[in-house]
Amino acid sequence: MCGIVGYTGNENVTPILLNGLKKLEYRGYDSAGIAVINEGKLELVKSSGMISALCEKVENRPAMKGTTGIGHTRWATHGAPTDQNAHPHMSNDGRFAIVHNGIIENYVDLREELIQCGFTFLSETDTEVIVHLLEMYYKGNFRAAVMKVASRLEGSYGLGCICSDHPDTVIAVKEASPLIIGVGAGETFFASDVTALVSYTKNVIYLDDGELCEMTPSGVSIYDFAGRRIEKPVSRVVWDIEAAEKGGYDHFMLKEIMEQPRALKTAIDHRIKDGRVVLDDISLTPDYLKTVNKIVILACGSAYYAGCAGKYTIEALTRVPVFAELASEFRYSNPIIDEKTLVIVISQSGETADTIAALKEAKSIGARTLAIVNVVASTIAKLADDVIYTRAGPEIAVATTKGYTTQVAVLYLFAVYMADILGKIDSAERMRLLSEIEKIPSMVQRAIDLNRHIPYLASKYYKNTSLFFIGRNTDYAACLEGSLKLKEISYIHSEAYAAGELKHGTITLIEPGRLVIALACCERLFDKMLSNIKEVKARGAKVLGVALEGNLRIFAETDDGISVPRFDPLFCSLAEVIPLQIFAYYVAKENGCDIDKPKNLAKSVTVE
Ligand code: AGP
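Quick notes on the rules
- Here the residue numbering is sequential within each chain, running from 1 through the sequence in written order.
- Only residues with pLDDT of at least 70 get local features here, since the model is predicted, and only at 80 or more are side-chain atom pairs given and counted; chain-wide, interface and lining totals rely on the full set of residues.
- Side-chain metrics rest on all non-hydrogen atoms present in the structure, leaving aside hydrogens and water.
- A run of DSSP states H or I qualifies as a helix once it reaches four residues; a run of E qualifies as a strand once it reaches two. Both are numbered from the N-terminal end.
- Here the globule rule is a power law, 2.2 Å times the number of residues to the power 0.38, and the radius of gyration is based on C-alpha atoms.
- Using a 1.4 Å probe on the protein chains alone, a residue whose accessible area is under 20% of its type maximum counts as buried, one over 50% counts as exposed, and one in between counts as partly exposed.
- When checking whether two residues touch, look at their non-hydrogen atoms; a contact exists if any pair is within 4.5 Å.
- A 1.4 Å probe and the Shrake-Rupley method give the accessible areas. Residues count as covered only by the protein chains that appear here.
- His is not counted, nor are the chain ends; Lys and Arg add positive charge and Asp and Glu add negative charge.
- Think of each charge as sitting on NZ of Lys, CZ of Arg, CG of Asp or CD of Glu.
- Points on a 1 Å grid, built from protein atoms alone, make a cavity when a 1.4 Å probe fits but cannot get out and make a pocket when they are open with protein on both sides within 12 Å along at least 5 of 7 lines; residues with an atom within 4 Å of a point are the lining residues.
- Grid points are joined across faces, edges and corners, and a volume is the space filled by probe spheres set on the points.
- Residues are sorted three ways: Asp, Glu, Lys and Arg are charged, Ala, Val, Leu, Ile, Met, Phe, Trp, Tyr, Cys and Pro are nonpolar, and all the rest, Gly among them, are polar.
- By this definition, two strands are paired if DSSP reports at least two bridges between them.
- Here an angle of 0 to 180 degrees is reported between the N-to-C directions of two axes, which are lines fitted to C-alpha atoms, with helices fitted over the stretch in contact.
- Any residue with a heavy atom lying within 4 Å of a molecule or strand is counted as near it.
- Residues adjacent in sequence count toward polar contacts only when both atoms are side-chain atoms; beyond that, a polar contact is any pair of N or O atoms within 3.5 Å, and within protein one must be able to donate a hydrogen and the other to accept it.
- Assignment to a cavity or pocket requires that more than half of a molecule's atoms be within 2 Å of the site's grid points.
- Domain start and stop positions are those given by an automatic or database domain assignment.
- Taking the helix axis as origin, the arc is that swept by the directions to the C-beta atoms.

Undergrad: If you had to explain the overall build of the protein chain to someone new, which residues and values would you point to?
TA: Along the protein chain, the regular secondary structure elements total 20 helices and 27 strands. Against the globule reference of 25 Å for 608 residues, the protein chain gives a C-alpha radius of gyration of 25 Å, in line with a compact fold. For the protein chain, the proportion of its 608 residues judged to be buried stands at 61%. Counted over contacts in the protein chain with a minimum sequence separation of 6, partners at least 24 positions apart contribute 72%. Counting only carbon and sulfur atoms, one obtains 49% of the accessible surface of the protein chain, whose full area is about 22,300 Å². Considering the protein chain, the positive charge centre built from 65 side chains and the negative charge centre built from 76 side chains are found 4 Å apart.

Undergrad: Describe empty space enclosed by the protein, naming the residues involved and giving the relevant values.
TA: Within this structure, the stated rule accounts for 2 cavities of 30 Å³ or more. Of the pockets and cavities examined, the largest cavity occupies roughly 60 Å³. Surrounding the largest cavity, Cys2, His72, Arg74, Trp75, Thr77, His78, His87, His100, Gly102, Asp126 and Thr127 form its lining. Going through the elements one at a time, strand 4 (68-74) and strand 6 (96-104) are the ones with two or more residues in the lining of the largest cavity. In terms of residue class, the lining of the largest cavity is built from 2 nonpolar, 7 polar and 2 charged. Taken as a whole, the second largest cavity encloses approximately 30 Å³ of empty space. Together, Met1, Cys2, Trp75, Thr77, Asn101, Gly102, Ile103, Thr606 and Val607 line the second largest cavity.

Undergrad: Give a detailed account of the side chain of Ser483, specifying residues and quantitative values.
TA: By the secondary structure assignment, Ser483 is in helix 17 (residues 474-490). Judged by relative accessible area, Ser483 falls into the buried class, the value being 1%. Once residues within four sequence positions are removed from consideration, Ser483 is found in contact with Phe469, Ser494, Glu495 and Ala496.

Undergrad: Can you explain the sheet that holds strand 20 (residues 341-347)? Please cite residues and give values.
TA: Taken together, the 5 strands give an open sheet; going across it, the order is 19-18-20-21-22, and neighbouring strands pair in parallel fashion. The sheet is open, and its two borders are formed by strand 19 (322-326) and strand 22 (386-389), each paired with just one other strand. Each adjacent strand pair in this sheet contributes to an overall mean axis angle of 20 degrees, direction not counted. Those strands touched by helix 9 (residues 301-318) are strand 18 (294-299), strand 19 and strand 20, and its axis lies near 175 degrees from that of strand 19.

Undergrad: Got a sec to walk through the site of the ligand? Specific residues and values, please.
TA: Close to the ligand lie 15 residues, the nearest being Ser347, Gln348, Ser349, Thr352 and Glu488. Interatomic distance of 2.9 Å between a backbone N/O atom of Thr400 and an oxygen atom of the ligand. Its free accessible area being 410 Å², the ligand has 90% of it covered by the protein chains. Using a 2 Å cut-off from the grid points, one finds that the ligand occupies the second largest pocket. Only helix 9 and helix 17 provide two or more residues apiece to the shell around the ligand. When grouped by side-chain class, the residues that make up the shell around the ligand number 6 nonpolar, 7 polar and 2 charged. Shared between two domains, the shell around the ligand takes at least three residues from each, and those domains are domain 2 (249-438) and domain 3 (449-595).

Undergrad: Account for helix 2 (residues 51-59), naming residues and giving values.
TA: Residues of helix 2 that are buried: Ile51, Leu54, Cys55 and Val58. Along helix 2, the residues classed as buried sweep out an arc of 100 degrees about the axis, all on the same side. Among the exposed residues of helix 2, those oriented more than 90 degrees off its buried face are Ser52 and Glu56. Buried residues along helix 2 sit against helix 1 (13-24), strand 2 (31-38), strand 3 (41-48) and strand 4.

Undergrad: Could you give me a rundown of the sheet that holds strand 24 (residues 493-498), with the residues and numbers involved?
TA: Taken together, the 5 strands give an open sheet; going across it, the order is 24-23-25-26-27, and neighbouring strands pair in parallel fashion. Two strands close off the open sheet at either side, each with one partner strand: strand 24 and strand 27 (560-564). Adjacent strand axes in the sheet meet at a mean angle of 20 degrees when their direction is disregarded. Looking at chain direction, strand 23 (residues 466-471) and strand 24 are connected through 6 bridges and run parallel. Counted as the bridge partner of Phe469 is Ala496 from strand 24. In this fold helix 18 (residues 526-538) packs onto strand 23, strand 25 (515-520) and strand 26 (542-548), with an angle of close to 170 degrees to the strand it touches most, strand 25. Lying over the sheet, helix 20 (residues 572-590) contacts strand 23, strand 25, strand 26 and strand 27, oriented at roughly 155 degrees with respect to strand 25.

Now the structure itself:
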């Protein structure tokens, strides 16, 4: 969840590290720090709070000159977000500094051992054991010492280490935590995320688990944990730095909401050719797909809700049962799956610990696995048997928007692809469905254009402290995501409820003035929804109705309305989520919340 960055080259390293950390801040933002080798000596600055607090500290001290250094932005796991617990951590002899992303599971035993050996600990972190082990094992060969340390660690780590005896060297190590090397001219970088590198170089090497990279200004050498040299390809990042900048918007979230028509076009267009879905990237054969008797979708948070939305469409088109399950629960549920189960894991980051664990569990029981992932070469992308990339581009706001909608779009494509293979749709129906899917980007743009009054609605309702989203079927799936968006960034309590369930208990919470957001785009269930709307209205609720464009009946029954463009009900819930994202955004803005970096959260959740 933390962000790490490192550099060695000929430039002043301090601004490079601080810039890199600003790009990584969305990964964790409760404290930060940098360490630089300045004239053969390690200098360290750390601060609780956001990167801006660190920058201020750096500005108000003598210049940190040097051309080699490391940096870290933290999401606290072990120990509070204090200056002392912030990374980098330094060895007792002042020779080593390290930054770490991940969790060292055996740190209690290691800490005990190191205390017995006379080392002094300054923090409560699991990480600090690493730097003392480094001091203990160092006999003049930096790489050999890091290698020895790695052999003692259990858990996950993306690690960056510097040593004052080797002022032109940075060593990075990867085990179950993302690490990318940037290869520039006369300079090398590492980071936990490509966004920190892309303004300096687009040439990157994706490290795999169990690999160590020794970096100097003149290049990199990569080794496995047995010390054997490995050659790895240099990949080219396909997007520009502008994609990871705000581009004139107040927040990344708003920019990413507005980018959705383009992101969806990229996710969809090249996958429809000559009236068929083309999934070149996967190796699932028609013969295998014909044996599948169950699909299990595993994911967390919004990705799980994308799975809930996709379930309706896949089941409707293929008639294969689909179970969307929370990844964090799945592995402890003694799951009933076998080789006839297709497991689809969904993750924007590709690094979510719960989803990785569930994927491993599914593989170990023998299921075939397909990942739907945004971040290229991420852990989930590499672990699954097949991967379909959502191609949403970098998503920086902690609250996902284009990440979610591109996941849903890929599930729609997969539904048509599988229905075609199973012979459940004829060619006319296939063509019709695909022409609807091709319209999704313009429908999403229309969903934005139709709802320019949402800032006004937000200013009217932002003071509500608790509210409900209700809907049925695909509307219910959209409720789940709309409610999470609102909770996540505005800190307002809300619940997503299947509209028919309200009367089985929860209706006691409906009282005069309570805001209920009623989603009624699923027209075949419209009359049922209307009854549910009347039930809450009768108990004094204020109702904000969400319905298809031109549905005057709903707007006659509700206090306010949001319109969603009309298109195929199988694909409608994707567009329905757009105004809910915008509503959450403006409510959070009215409430003065830190929209891109909501409290207590981080973009990718790499702890279970
Ligand atoms: C969504 O807005 C959240 N930030 C969160 O629920 C997220 O979707 C979840 O943590 C899963 O992340 P992933 O897609 O990177 O696996």
